[in-house]
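# Descriptive structure summary
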Amino acid sequence: MAADTIFGKIVAGEIPVEKLAETERVIAFPDIAPQAPVHILVIPKTTEYADVTELAAGDPALLAEMVEVAKRLADEHADGDFRLIFNNGAGAGQTVFHVHAHLLAGGLKEGSL
Ligand code: 5GP
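Here the residue numbers are simple positions, counted from 1 along each chain's written sequence. Per-residue local features of the predicted model are confined to residues with pLDDT of at least 70, and side-chain atom pairs are confined, for both listing and counting, to 80 or more; whole-chain, interface and lining totals are unaffected and use all residues. Water and hydrogen atoms were dropped before computing side-chain values, which therefore reflect all heavy atoms in the structure.

### Here's the deal with the overall build of the protein
- When its secondary structure is counted, the protein shows three helices and five strands.
- Reading the helices (α) and strands (β) of the protein from amino to carboxyl end gives α-β-β-β-α-α-β-β.
- In this treatment the radius of gyration is a C-alpha quantity, and the globule benchmark scales as 2.2 Å times the residue count to the 0.38 power. Computed over its C-alpha atoms, the radius of gyration of the protein comes to 13 Å, within 12% of the 13 Å expected for a compact globule of 113 residues.
- Each of the three principal axes of the protein carries a C-alpha extent, and together these read 35 × 30 × 25 Å.
- Three labels apply to residues, based on accessible area from a 1.4 Å probe with only protein chains included: buried if under 20% of the type maximum, exposed if over 50%, partly exposed otherwise in between. Put simply, the protein has 113 residues, and 39% of those count as buried. Per the convention used, a helix needs a DSSP run of H or I reaching at least four residues, while a strand needs a run of E reaching at least two, with both numbered from the N terminus.

Written as structure tokens, this is what we have:
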């Protein structure tokens, strides 16, 4: 279960973001500290899942919907190719415990992680 996080506040509209995509269950907005020419966060609106392992176990269709939204954004904002990163756990660099995908695209170095 995700605790009260900054992304929960974004979903609730308490912190304004530029919405780049929105479905009934998913929103996407630019990362505040971009690490690539295109760096978009794709998140579910539900605060139920802290990380991708919880989401995959609890609602795989919602995870698939996040991937679909990421693909659409990569088509719109880059050439359609993209990297999708889920940091899972503090030791892997996760700082916000509301599951989110980092969509990186546009001029990525070939072969780099
Ligand atoms: P994590 O490190 O948990 O995988 O990723 C959290 C991401 O959220 C970071 O890349 C960070 O830059 C981004 N972030 C943190 N706070 C905000 C915010 O208030 N607005 C936006 N747009 N991004 C944020």
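### Focus on the site of the ligand
- Here a residue is near a molecule or strand as soon as one of its heavy atoms is found within 4 Å of it. Close contacts around the ligand come from 15 residues, with D31, N87, G93, T95 and H102 the closest.
- Here a polar contact means two N or O atoms within 3.5 Å. Within protein one must be a hydrogen donor candidate and the other an acceptor candidate, and residues neighboring in sequence count only if both atoms are side-chain atoms. Contact distances for the ligand include 2.5 Å between an oxygen atom and a side-chain N or O atom of D31.
- Within the backbone of T95, an N or O atom sits 2.7 Å from an oxygen atom of the ligand.
- Computed with the Shrake-Rupley method and a 1.4 Å probe, the accessible areas treat only the protein chains shown as cover for residues. Contact with the protein chains hides 83% of the accessible area of the ligand, taken as 520 Å² for the molecule alone.
- Secondary-structure elements contributing two or more residues to the shell around the ligand are α1 (6–11) and β2 (26–30).

### Comments concerning the sheet that holds strand β5 (residues 101–105)
- Spatial strand order, β1-β2-β3-β5-β4: five strands in an open sheet with antiparallel pairing. On the outer flanks of this sheet lie β1 (21–22) and β4 (83–85), each paired with one strand and no other.
- A pair of strands counts as paired when DSSP detects no fewer than two bridges linking them. In this sheet, β2 lies alongside β1 in antiparallel orientation, the contact comprising two bridges. Across the sheet, residue E22 finds its bridge partner in β2, namely I27.
- Across the sheet, helix α3 (residues 60–77) touches β1, β2, β3 (38–44), β4 and β5, and the angle it forms with β3 is around 155 degrees. Whether two residues are in contact is decided by their heavy atoms, any of which lying within 4.5 Å being enough. Here the axes come from fitting lines to C-alpha atoms, over the contacting stretch only for helices, and the angles between their N-to-C directions go from 0 to 180 degrees.

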